[in-house]
Amino acid sequence: MTDIFTLAHLSDPHLPPLPAARLRDLAGKRALGYFNWTRNRHKYHRREVLDALVADMQAQRPDHIAVTGDLVNLALEAEFIPAQAWLESVGTPQQVTVVPGNHDAYVRATRHHFTGAFEQYLRGDAAADGAFFPFVRRRGPLVLIGVSSAVPTLPLMATGRLGRAQLDALDRQLAQLPPDEAFRVLLVHHPLQSSSRMKRLTDSKALRAVLKRRGAELVLHGHDHIHSTMWLEGAGHQIPAVGVPSASALAHRHYPAAAYNLFSITRDGGKWRCVQTVRAVDADFRVKQIKQATLL
């Protein structure tokens, strides 16, 4: 058995508090989002919850951290500087990899701000990759492949889309990464299966076809703000696709409290082994282990 590599995963911090918004910034979809935040969402997304979760995660000393989007809320220009400072407090670009969520590309006017603000955290290892998706980063035995499902949508919609160019590039990249050489982790914001027409990944069928043909060892996502594990058909074995609650959330309605996942990954007897540990915030803002499961 080789040394264990630990990957931490959190998502959807929806970084609170929301900065003051100018009236001219609140046209169209943002007006509805701002109303929703001031009426409801600010009650459940709390900075003290996020800080407690991140402190506990850092205390576990993971080898790498993946953040799967929705760092901001309305993609206001004033949100990106605090979000940059928060991400820098989580870790350096060598230690942390990030992909955008739909809230990070909330409206067309600022849809590209995320890649500009967080370029170093989503830059592929090859110099030519720049900040384009999909990107590839090697960390220990892992290959992290980041795709962007973040696109501006109409009010009341939170769908995502990769598009043909990303899907074709992902197909080529996975074809060049055999599983005996690396533990392949796909990072995407939207889940690959959804019963919600308003929140689904619209080309998920095409993405699942790529994974069925080329394979991967693990898919990590956010978006739904719940604990979830779904199994996707891969090349020779099923692929666990794991979602996690919002990293800043208090428990409310059917949404659980903030949590993050730790994945302990090792090569054992010619096969990959992956054990998931779930740690979550309790009512006293203490973070505790609530589950452990062997995925591979």
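In the block above lies the structure referred to throughout.
For the structure given in this document, a descriptive report is provided here. (Residues numbered from 1 in each chain as written. Predicted model: local features only at pLDDT ≥ 70, side-chain atom pairs only at ≥ 80, totals over all residues. Heavy atoms only, no water.)

Describing the pattern of salt bridges
Alright, step 1. A full pass over the atoms with the stated rule returns 14 salt bridges.
Alright, step 2. A salt bridge links R279 to D56, with the shortest nitrogen-to-oxygen separation between them at 2.7 Å. Taken together, the positions of R279 in strand β11 (residues 271–281) and D56 in helix α2 (residues 47–59) put the pair 223 residues apart, joining distant regions of the chain.
Alright, step 3. Accessibility expressed as a relative area gives 13% for R279, which makes it buried.
Alright, step 4. Put simply, R139 and D125 hold a salt bridge, and the shortest N to O gap is 3.3 Å. Highlighted residues: R139 in strand β4 (residues 135–139) and D125 in the loop between α4 (113–117) and β4, separated in sequence by 14 residues.
Alright, step 5. R139 gets classed as buried once you look at its relative accessible area, which sits at 7%.
Alright, step 6. Through salt bridges with shared partners, one network takes in D282, D284, R286 and K288. (Salt bridge = Lys/Arg side-chain N within 4 Å of Asp/Glu carboxyl O. Helix = DSSP H or I, 4+ residues; strand = E, 2+ residues; numbered from the N terminus. Buried < 20%, exposed > 50% of the residue type's maximum accessible area, 1.4 Å probe, protein only.)

Examining the environment of A293
Alright, step 1. By secondary structure assignment, the location of A293 is in strand β12 (residues 287–294).
Alright, step 2. Separated by 149 residues in sequence, A293 and L144 have C-alpha atoms that sit 21 Å apart.
Alright, step 3. Apart from the residues within four sequence positions on either side, A293 is in contact with C274, V275 and Q276. (Contact = heavy atoms within 4.5 Å.)

Section: the packing of aromatic side chains
The relative placement of two aromatic rings is captured by the distance of their centres and the angle of their planes.
Alright, step 1. Considering all chains together, one arrives at 3 aromatic pairs under this definition.
Alright, step 2. Look at F183 and W272: their rings are 5.5 Å apart centre to centre, the planes differ by 80°, and that puts the pair in the edge-to-face class. Residue F183 is found in strand β6 (residues 183–187), and its partner W272 is found in strand β11; the two are separated by 89 residues along the sequence. There is no split in this pair, since F183 and W272 are both buried.
Alright, step 3. Over the face of the ring belonging to W272 we find R267, whose NZ or CZ atom lies 4.8 Å from the ring centre. (Phe/Tyr/Trp six-rings, centres within 6.5 Å; stacked < 30°, edge-to-face > 60°. Lys NZ or Arg CZ within 6 Å of the ring centre and 35° of its normal.)

Quick word on the environment of H103
Alright, step 1. Inspection of the secondary structure assignment puts H103 in the loop between β3 (96–98) and α4.
Alright, step 2. Accessibility expressed as a relative area gives 13% for H103, which makes it buried.
Alright, step 3. Excluding residues within four positions of it along the chain, H103 makes contact with H14, R41, D70, V72, N73, L74 and A75.
Alright, step 4. Among the polar contacts made by the side chain of H103, one reaches the main-chain carbonyl oxygen of N73 at a distance of 2.6 Å. (Polar contact = N/O pair within 3.5 Å; in protein donor to acceptor, adjacent residues only side chain to side chain.)

Examining the packing of helix α5 (residues 164–175) against helix α6 (residues 204–214)
Alright, step 1. Their axes nearest at 10 Å, the elements α5 and α6 cross at an angle of 10°. Judged by the angle between their axes, α5 and α6 are roughly parallel. Residues R164, L167, L170, D171, L174 and A175 of α5 lie in contact with α6, whose contacting residues are A206, L207, V210, L211, R213 and R214.
Alright, step 2. Of the residues in the contact of α5 with α6, the class split is 8 nonpolar, no polar and 4 charged. (Axes fitted to C-alpha atoms, helices over the stretch in contact; angles between N-to-C directions. Parallel < 35°, antiparallel > 145°, perpendicular 65-115°, else oblique. Nonpolar A, V, L, I, M, F, W, Y, C, P; charged D, E, K, R; others polar.)

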